[in-house]
Amino acid sequence: METFTHSGVTSRLLGAAACASLLVAGCVGDIGGNPGSSSSSSSGAGANPTGGGTSSSGGGDAVCNPRLERRVVLLADLQFMNAIRDLLGDEAIEAEQAPDARTKPFAKKGLVVGTSLVHTRLARAAYAAESISGRFEQVTGCAPDGDDACAKTFLTKFAQRAFRRPMDQTELDNLWSVYALGKETSYERGVSLALEALIASPSFSYRTELGGEADGDVVKLAAHEVASELSFFLTDSLPDAELAAAADSGALNDPEELTRQAERLLQKPETRSTLNTTLIAAWGLSNLFGTVKDPGLFPEYTPALQASMFHETELLLDDLLWSRGADVSALLTTRETFVNRVLAEVYGVEHTGASPEEFTKVELPAEERAGILTQPGLLSALSRTDNTSVVARGLFVRGAMLCLGKIPSPPEALSDAIKELLEADMTERERADARAANGTCAGCHAQFDAFGLLLENYDPVGRYRDTLDGEPIDARVNLGNIAEVAGSYASAVEFAEAVAQNDGFAACITRHLLTYGTDDEELSTRDCQVERVIEALPEGQRTLSNVVKAIVTSPALTERAREE
């Protein structure tokens, strides 16, 4: 298990090495000292799946064992910063460090517990603690020259909320030692130093999935662990007061109470927004803000247009999935969307808003557009600076949209040939044909190039086109070699409508949400954890709300495997 080092924490505490290290040592013991806590394979993003013990449900009573062992899970940067903000307000975060949910990463693969991350989080803990200066009484409820009783009352409540669980007496004693040392300078400094130690602690940066005694090979997570997992899944932050109280009372151990809490949280706009951005992150739309286009070819592709494209998707998800409670497949078939003036120009439709910035709902041409697959933002993010990309778009459809499985990267030996092909004066279909004729390339590209060819009617900024360089665009493909979506399709619209008729897209959304909630990045739509969520959905009601509630009460969230 990776943890924050004692010396790293104490070096930030103004020379308070002895007392501060006591507090941190206590927190480390709670996380890693439990017999059966995860081993060193539990890197920053949490332990890898066990790779065994999971069987496809296939319906009926087949056993569906936990994929994940007991472990500790590092909070993502967005979650870490959101937790600080919810505890101490916006003032506790430097303006340039303020979390932006629009660009949150979907996976934690790049989040490594090393010196850089440790120093960054220690610095943010110090800034947050120092931010109470000038608003001490507002934050703590204690007078600037208050007494120990008031400070301890505040710090006890703060610590329990920060750690998402009750504190034991040893931890509290260590905390009072840190407070007492800081108080030698001033009363306010005593509280501030204790806050810094709490936020710098591993028990703040990590959440546990250790549970209690194993029942055979299965361990049920404790109520506070479930509350923490649920809250960071649905809100990217700490449990609110009602969810924490349900954990404190033990009521959260009851599946009915867990469902009730999920339903309550799903009524909150911030929860719905978090789930929307989780899906957007899974689709990679946040990459839109890092893309550039040749200004000579696409002068209209400005940061303002990028922001408009992203907001279009936010508005559509909110309207379809929450305001209307539509089946998730509607994301693939709807002809309605939201545009401001610059986005209306990309679509070639009229903008009727009172101002150029106002987004209004419009109906798009049925033969040109079908849901998120044909949105300009996604198509732009999946294009090169001067051209479309059959490869990038095809990999998106196969992976992020349908969850059909990863394709290995091309051999390094082909890098020169790939570069030469990209620079050749060819259409994207001609490039795809060249790859199909190459025995080394054909096997992999046959699994995704056709998906990208379906989208050739959309230029690098997502505008619809019938011709390219004066020649008609042929977007027809045959997917007979891809069993899940086998068939011939004349357009992306026809393909999207066909995909919407089965459970593949809903299963992929379920897989994305389960992956985000559990940090199980190896999860497949064919694993029983996903299949049983789909099976649990009411007939004909594959709404996002129902998907989330089925996930929340599934063993995939509440159970872990005992270590071998």
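Residues numbered from 1 in each chain as written. Predicted model: local features only at pLDDT ≥ 70, side-chain atom pairs only at ≥ 80, totals over all residues. Heavy atoms only, no water.

Trainee: Can you tell me about the overall build of the chain, naming the residues and giving the values?
Mentor: A tally of helices and strands in the chain yields 27 helices and 10 strands. When each of the 564 residues of the chain is scored for burial, the buried share is 53%. Across the chain, contacts joining residues at least 24 apart in sequence account for 70% of those joining residues at least 6 apart. When the accessible area of the chain is evaluated, it comes to approximately 23,500 Å², of which 50% is carbon and sulfur surface. (Helix = DSSP H or I, 4+ residues; strand = E, 2+ residues; numbered from the N terminus. Buried < 20%, exposed > 50% of the residue type's maximum accessible area, 1.4 Å probe, protein only. Contact = heavy atoms within 4.5 Å. Areas by Shrake-Rupley, 256 points an atom, 1.4 Å probe, with all protein chains shown as cover.)

Trainee: Please set out the pattern of salt bridges residue by residue, giving values where relevant.
Mentor: Inspection of every chain in the model, using the stated rule, returns 39 salt bridges. The partner of Arg-85 in a salt bridge is Asp-86, with the nearest N and O atoms 3.5 Å apart. Here Arg-465 and Glu-456 are joined by a salt bridge, their closest N and O atoms 3.5 Å apart. For Glu-456, a relative accessible area of 6% translates into the label buried. (Salt bridge = Lys/Arg side-chain N within 4 Å of Asp/Glu carboxyl O.)

Trainee: Now, about the packing of aromatic side chains: what can you tell me, with residues and values included?
Mentor: What the rule picks out here adds up to 9 aromatic pairs. Taken together, a centroid distance of 5.7 Å and an interplanar angle of 45° make the contact between Phe-451 and Phe-495 tilted. With Phe-451 in helix α22 (residues 449-453) and Phe-495 in helix α23 (residues 492-499), this pair connects stretches of sequence that are 44 residues apart. The pair formed by Phe-451 and Phe-495 is uniform in burial state, with each residue classed as buried. An aromatic cluster of three or more residues is present, and its members are Phe-136, Tyr-179 and Tyr-187. The ring of Phe-310 has Arg-102 sitting right over it, with the charged end atom 6.0 Å from the ring centre. Lying over the aromatic face of Phe-80, Arg-121 brings its terminal NZ or CZ to 4.4 Å of the ring centre. (Phe/Tyr/Trp six-rings, centres within 6.5 Å; stacked < 30°, edge-to-face > 60°. Lys NZ or Arg CZ within 6 Å of the ring centre and 35° of its normal.)

Trainee: Talk me through the nonpolar core; I want residue IDs and the actual numbers.
Mentor: If you look at the biggest cluster of nonpolar residues, it comprises 103 residues, and the most contacted ones within it are Met-401, Phe-451, Phe-495 and Leu-513. With 8 residues, the single largest contributor to this core is helix α14 (residues 303-323). For Phe-495, the contacting residues outside a window of four places in its chain are Leu-373, Val-397, Met-401, Leu-402, Phe-451, Leu-454, Leu-479, Val-485 and Tyr-489. In this structure, Ala-92, Leu-155, Tyr-187 and Leu-198 belong to the second largest nonpolar core, which totals 39 residues. (Core = buried A, V, L, I, M, F, W, Y, C linked by side-chain atoms within 4.5 Å.)

Trainee: An account of unusual backbone geometry is needed here, citing residue identities and associated values.
Mentor: Although it is not a glycine, Arg-164 adopts a positive phi angle of roughly 60°. On the basis of relative accessible area, Arg-164 is assigned to the buried category, the value being 7%. The backbone of Asp-469 sits at a positive phi, close to 55°, despite the residue not being glycine. Along the chain, Asp-469 turns up in the loop between β6 (467-468) and β7 (471-472). Using a relative accessible area of 73% as the deciding quantity, one classes Asp-469 as exposed.

Trainee: A description of a negative patch on the surface should follow, citing residues and the corresponding values.
Mentor: A surface patch of like charges, here negative, comprises Asp-425, Glu-430, Asp-433, Asp-469 and Glu-471. Among the structural elements, Asp-433 can be located in helix α20 (residues 428-436). Classification of Asp-433 by relative accessible area gives partly exposed; the value is 45%. (Patch = residues over 30% accessible without salt bridge, like charges linked within 9 Å, V, L, I, M, F, W, Y side chains within 5 Å. Lys, Arg positive; Asp, Glu negative; His and termini not counted. Charge placed at Lys NZ, Arg CZ, Asp CG, Glu CD.)

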